[in-house]
There are 2 protein chains.
Amino acid sequence: MLVGKVKAAKKDSVALSALGTDEKNAALEKMAEALDARRAEVLEANAKDVASAKGLPAAMVKRLEVNDAKIDGMIESIRSVVGLADPVGETLSVMELDEGLVLYKVSCPIGVIGVIFESRPDVVPQIMSLCLKSGNAVVFKGGSEAANSNRVLFDILSSAAISAGVPKGSFVLMESRQDVGAILALDEYIDLLIPRGSNEFVKHIQDNTRIPVLGHASGICHVYVDKSVDLDMAVKVAADSKMQYPAVCNALETLLVHKDVAKEFLPKINRAFLDGGVEVRADAESKKHMEGAVDVSESDWDEEYGDLIVAVKTVGSLEEAVDFINEHGSNHTDAILTADRAAMSYFVDHVDSADVMVNASTRFSDGFRYGKGAEVGISTNKIHSRGPVGMEGLMIYKYVLLGEGQTVGEYSGPNAKRYTHREIGGKLEL
Amino acid sequence: MLVGKVKAAKKDSVALSALGTDEKNAALEKMAEALDARRAEVLEANAKDVASAKGLPAAMVKRLEVNDAKIDGMIESIRSVVGLADPVGETLSVMELDEGLVLYKVSCPIGVIGVIFESRPDVVPQIMSLCLKSGNAVVFKGGSEAANSNRVLFDILSSAAISAGVPKGSFVLMESRQDVGAILALDEYIDLLIPRGSNEFVKHIQDNTRIPVLGHASGICHVYVDKSVDLDMAVKVAADSKMQYPAVCNALETLLVHKDVAKEFLPKINRAFLDGGVEVRADAESKKHMEGAVDVSESDWDEEYGDLIVAVKTVGSLEEAVDFINEHGSNHTDAILTADRAAMSYFVDHVDSADVMVNASTRFSDGFRYGKGAEVGISTNKIHSRGPVGMEGLMIYKYVLLGEGQTVGEYSGPNAKRYTHREIGGKLEL
């Protein structure tokens, strides 16, 4: 049954990809209106989820809870997608192969996206509207704690979209854990998976499917404090990287300090860490300058704490710091704090991470802060999309060659016509 | 031992990614010179391969054979890569997040590329020079028939490059089938695999690795002849698509004809096919107009002949043709022949293929013809790279955020500073 729906999504994804901007925006507006009109149903369904969630931690229940203000937020998030530029059908480049034979590279949707996320019901309208605007069909599943809320949101939004002319198969809601297991085998129909959740969960998905996965299993981020640096700035940025929101993937885990400034810098940052309740795990050299620090162990260098804990190491050189980051990091986000242009340049060129920060907090690596309007996820992949990914990560392109009856035979052999191969301007218009 | 080399390639890929254009071009020039100076060694090694290849088909032996003219071609291909623009370090976009806080999206190499190809030794210099220029380390294997030639070419070219300052681990030659099996498990070190060979071989690779694979397993290409069409043009283009080089992936396999022109068009194209020695397998409707045609079977629609055979079907409408292509095609290359703008537009929007041809032969979908300078492969993937892929397919990007000590804390809470989020011009210069 799920397989049938996923097959239908694949088939309908073609008509969806060809919808015009106005049609998609009109459907989004209908979705916003329907959600506004049918608030009571959402609140009722959500009350059931909350009632069943009694035993869960308070923070989780809070994320699960939907009220009128949260519904306002959902409606606003749908309308904000109306305002985003349509990424489909953009002419990316035009090359004349010969007179009257012109090659257009044109953006188009990937096809069918699989999205798996945790409990928050407000992700449902966000995913459905981003996939619709980008012309992709979506097969998705939210946390089981939010099953009632997700189901009602899905019904309201998909029926509104379909009534506005969006192909019926465009949205598929998965409801069980078994469904998630089942879609991992559907690489013939699903073109990209975006799992959002714990490291173990993402790793599990990556290990059990042939579908390309966009995301990151872990975020082991470093800040390296170079020898020529404004120490007050360094304290401020390192503290922000660790403490501003320690639970997230772009928070600092391991602090590296050049030996020439260790004695001066470490007591200062230690004070900030102590004030913020951060547990410091330091190597022998760093520990000398950090009151109350405990011994770091080798396994700390490869750990994502996601908590108020930091590992600290003193290094002998910029090069040592870079090698350490490339060995122990997760290619996510790493920062250098320095006043030295040559050190910035070396660090930027040699750190193999999606996001390299120079004199700025690691916490900036985020779709919203990067000005993307909407964040699909943060990727540590080396192909397709890397770092914070907006709607552009849901796009690919096709080549369209417009000719006048040319054959390859004419361009081969002794009297071959010559290709002109000129990059020209313009836009595909048919 | 292979694993050690692949790990070293991963490590050295960082220094390789940071090499300047001049250094890379100087190394390429050294490679060209070394090959010129050491021709005798190549010819000697190749003679051994040819001697062992006695039992193989003549065409294969010919592809295997190296002579002075072929070495000239190899040298020329290395020098042509010197002339290609350096794809590394290009600033792709610049966004001001706030005054003094600027985000650069900068192109960089993917890292380590695995390439597996068949017998021709001339692919060795091509792969090594493209990977070097794009700043990627490469782990590769050629056909075992060419083992002696490949080994000598590898030794000459890698020692020349290393003597010019290219990191030692940049090139790894695999020598056995076991090596290929082994690298499929090395997803921690190899970022992208490019297999070039038979459909079964590519499929085998795709099915047995977690490394992303760039390529295509099959090329089942269609030409659809619409009802309003210049019939002579249609005959010419359809014949070229089928017959100009039937063994390759972008050759026509299934010809679709609108019923309104079947009676007039099919006898004409049949004549061209008969003259060219093409076996025609037609559905009942088409067969009426095609003398000598045999009955097509259902399985023909999903077959890549790679030979002088064509399947033919009469369809009732443009929409039926498009549905048929999306169902039976391989998302590679499909063409419409028509004079009708609306039909072109529908076909281009709804055919889910990497390359969509309008009034041009399917045979044009090729890196050289597309003006890419060098072709890495043809991809039917839906992410990263699609269609003929040049050096751009070996690239990804990183984000570099240049700040002056900003923290995320300053942009949060009640007195939050505002992001400006302005796309600005410029280039990352450190």
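One numbering rule holds for all chains: residues counted from 1, following each sequence as written. Labels are handed out in written order, letters beginning with A for the chains and numbers beginning with 1 for the ligands. Only residues with pLDDT of at least 70 are given local features in this predicted model, and only at 80 or more are side-chain atom pairs given and counted; all residues enter the totals for whole chains, interfaces and linings.

Asks: Explain the overall build of chain A here, please?
Replies: A run of DSSP states H or I qualifies as a helix once it reaches four residues; a run of E qualifies as a strand once it reaches two. Both are numbered from the N-terminal end. Along chain A, the regular secondary structure elements total 14 helices and 17 strands. Principal-axis analysis of the C-alpha atoms places the extent of chain A at approximately 75 × 75 × 35 Å. Put simply, a residue is buried when 20 or more other C-beta atoms lie within 10 Å of its own C-beta and exposed when 12 or fewer do; between those, it is partly exposed, and each C-beta is set from the backbone. Across the 430 residues in chain A, those meeting the buried criterion constitute 54%.

Asks: How do you make sense of the sheet that holds strand E12 (residues 333–337) of chain B when you look at a structure like this?
Replies: Backbone hydrogen bonds are what pair the strands of a sheet, in a parallel or an antiparallel way. Here 11 strands make up an open sheet; going across it, the order is E17(A)-E1(A)-E2(A)-E16(A)-E13(B)-E12(B)-E7(B)-E8(B)-E11(B)-E9(B)-E10(B) and the pairing mixed. Strand pairing shows two members of the sheet lacking a second neighbour, strand E17 (422–424) of chain A together with strand E10 (294–295) of chain B, which therefore form its edges. Strand pairing is defined by DSSP finding a minimum of two bridges between the two strands.

Asks: Is there a simple way to explain the relation of the copies chain A and chain B in this structure?
Replies: Taken together, a rotation about one axis and a shift along it account for how the two chain copies relate. Here the copies are matched by least squares. The fit uses the C-alpha atoms of residues with pLDDT of at least 70 in both. Least-squares fitting of chain A to chain B yields an RMSD of 0.1 Å, with the transformation described by 0.0 Å of translation along the axis and a rotation of 180°. Both chain copies can therefore be described as sitting about a two-fold axis. Within chain A, the C-alpha atom positioned nearest to the axis of rotation is that of His 384 of chain A, 1.9 Å from it. Note on contacts: each residue gets a C-beta atom placed from the backbone, and two residues are in contact if those atoms are within 7 Å. Comparing contact sets, 100% of the residues at the interface of chain A also lie at the interface in chain B, consistent with an isologous, same-surface contact.

Asks: How should I be thinking about helix H11 (residues 259–275) of chain A in this particular structure?
Replies: It helps to recall that an α-helix has 3.6 residues per turn; residues three or four apart then point in one direction. Residue and element names in this part refer to chain A. Every helix has an expected span of 1.5 Å times one less than the residues it contains. Compared with the 24 Å implied by 1.5 Å per residue over 17 residues, the 24 Å span of H11 between its first and last C-alpha is a close match. Taken residue by residue, H11 has Ala 262, Phe 265, Leu 266, Ile 269, Asn 270 and Phe 273 as its buried positions. Against the buried residues of H11 lie strand E7 (221–225), helix H10 (231–243), strand E8 (252–258), strand E9 (279–282), helix H12 (284–287) and strand E11 (309–315). One or two residues past the end of H11 sits Gly 277, with phi positive at roughly 75°.

Asks: So what exactly am I meant to see when it comes to the packing of helix H5 (residues 68–83) of chain A against helix H6 (residues 123–133) of chain A here?
Replies: For any two helices packed against each other, the geometry comes down to the angle between their axes and how far apart the axes lie. Residues and elements named next belong to chain A. Throughout, an axis means a line fitted to C-alpha atoms (over the contacting stretch in the case of helices), and angles, computed between N-to-C directions, take values from 0 to 180 degrees. Packing of H5 against H6 leaves a shortest axis separation of 9 Å and a crossing angle of 10°. Judged on the interaxial angle alone, H6 and H5 are roughly parallel. Facing Met 74, Ser 77, Ile 78 and Val 81 of H5, the residues of H6 in contact are Pro 125, Gln 126, Ser 129, Leu 130 and Lys 133. Residues belonging to the contact of H5 with H6 are distributed by class as follows: 5 nonpolar, 3 polar and 1 charged. Oblique is the label for any angle not covered by the other classes, which are roughly parallel (under 35 degrees), roughly antiparallel (over 145) and roughly perpendicular (65 to 115). Three residue categories are used. Nonpolar comprises Ala, Val, Leu, Ile, Met, Phe, Trp, Tyr, Cys and Pro, charged comprises Asp, Glu, Lys and Arg, and polar comprises the others, including Gly.

Asks: Help me understand the domain arrangement of chain A, please; the structure alone is not making it clear to me.
Replies: When the parts come together, some accessible area is lost, and that loss is often what is quoted as the size of the interface. In this document the domain limits rely on a domain assignment from an automatic tool or a database. When its domains are assigned, chain A resolves into domain 1 (2–207) and domain 2 (221–364). Here the C-alpha centre of domain 2 of chain A lies 37 Å away from the C-alpha centre of domain 1 of chain A.

Asks: Any chance you could explain the sheet that holds strand E3 (residues 112–116) of chain B here in plain terms?
Replies: All names here are of chain B. A sheet is described by the order of its strands in space; here 4 strands give the open sequence E5-E4-E3-E6, paired in parallel fashion. Both outer strands of the open sheet, strand E5 (171–173) and strand E6 (192–195), are each paired with one neighbouring strand and no more. The sheet shows a mean angle of 15° between the axes of neighbouring strands, taken without regard to direction. Bridge count for E3 against strand E4 (residues 137–141) is 5 bridges, and the pairing is parallel. Looking at the pairing, Ile 116 lines up with Lys 141 of E4. Packing of helix H1 (residues 2–17) onto the sheet brings it into contact with E3, E4 and E5, and relative to E4 it is tilted by some 145°.

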